[in-house]
Amino acid sequence: VQLQASGGGLVQAGESLRISCAASGRSFSTYAVGWFRQAPGKEREFVTASRWSGGSTYYADSVKGRFTISRDNAKNTVYLQMNSLKPEDTAVYYCAAGLGIIMSSLNNRHAYAYWGQGTLVTVSS
């Protein structure tokens, strides 16, 4: 599975942005898909994950209520809708996918076998 993230950009605080992760190579409707982010000088951190298409979704406390993960199986694409953006959301956002990830490991970046190249989201104050 090859992943391609896109849609990042520069927005003002309080605005919204949707980033995408397109998969090629095979359908990933049965894959767990996660979004992680990495700010300059910081560790890569979990943002959200979807266990499989139509399955449960999970969010980091810092984005709960503001971010939404969704899938479009026809397009083999996963989206991250980000609302009420804050300057502290500034980071490179990475999508990741994997098979057979147990629920307790969805927030563990080491559980994912496939990674996209990242897309930069910058939120100005």
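In the block above lies the structure referred to throughout.
Reading the values: the criteria
Residues numbered from 1 in each chain as written. Predicted model: local features only at pLDDT ≥ 70, side-chain atom pairs only at ≥ 80, totals over all residues. Heavy atoms only, no water. Helix = DSSP H or I, 4+ residues; strand = E, 2+ residues; numbered from the N terminus. Polar contact = N/O pair within 3.5 Å; in protein donor to acceptor, adjacent residues only side chain to side chain. Disulfide = S-S within 2.5 Å. Buried < 20%, exposed > 50% of the residue type's maximum accessible area, 1.4 Å probe, protein only. Pairing = 2+ DSSP bridges.

Moving on, we get to the side chain of arginine 71. Within the secondary structure, arginine 71 sits in strand S7 (residues 67–72). At a separation of 2.5 Å, a polar atom in the side chain of arginine 71 contacts the main-chain carbonyl oxygen of tyrosine 31. A distance of 3.1 Å separates the side chain of arginine 71 from the side chain of serine 50, its partner in a polar contact.

A few words now on the state of the cysteines. Inspection of the entire model under this criterion finds 1 disulfide. Between the sulfur atoms of cysteine 21 and its disulfide partner cysteine 95 the distance amounts to 2.1 Å. Its S-S torsion of about 70° marks the bond between cysteine 21 and cysteine 95 as right-handed, since a negative value means left-handed. Placement of cysteine 21 in strand S3 (residues 17–24) and of cysteine 95 in strand S9 (residues 91–98) is noted, with a sequence separation of 74 residues between them. Grouping residues by exposure puts cysteine 21 and cysteine 95 together as buried.

Next up on the list: the environment of cysteine 21. Since its relative accessible area comes to 0%, cysteine 21 is described here as buried. Along the primary structure cysteine 21 and glycine 98 are separated by 77 residues, whereas in three dimensions their C-alpha atoms are 14 Å apart.

Along S9, 7 of the 8 residues are buried, which leaves the element largely enclosed by surrounding structure. In terms of strand pairing, strand S4 (residues 32–38) meets S9 through 7 bridges, oriented antiparallel. When the sheet's bridge partners are listed, glutamine 38 is paired in S9 with valine 92. Sheet topology note: the S9/strand S11 (residues 119–124) ladder contains 3 bridges and is antiparallel. If you follow valine 92 over to S11, its bridge partner there is leucine 120. Pairing analysis gives 2 bridges linking S9 to strand S10 (residues 114–115), with the strands arranged antiparallel. Looking across to S10, one finds that alanine 96 is bridged to tryptophan 115.

Distances and angles like these do not, on their own, reveal function.
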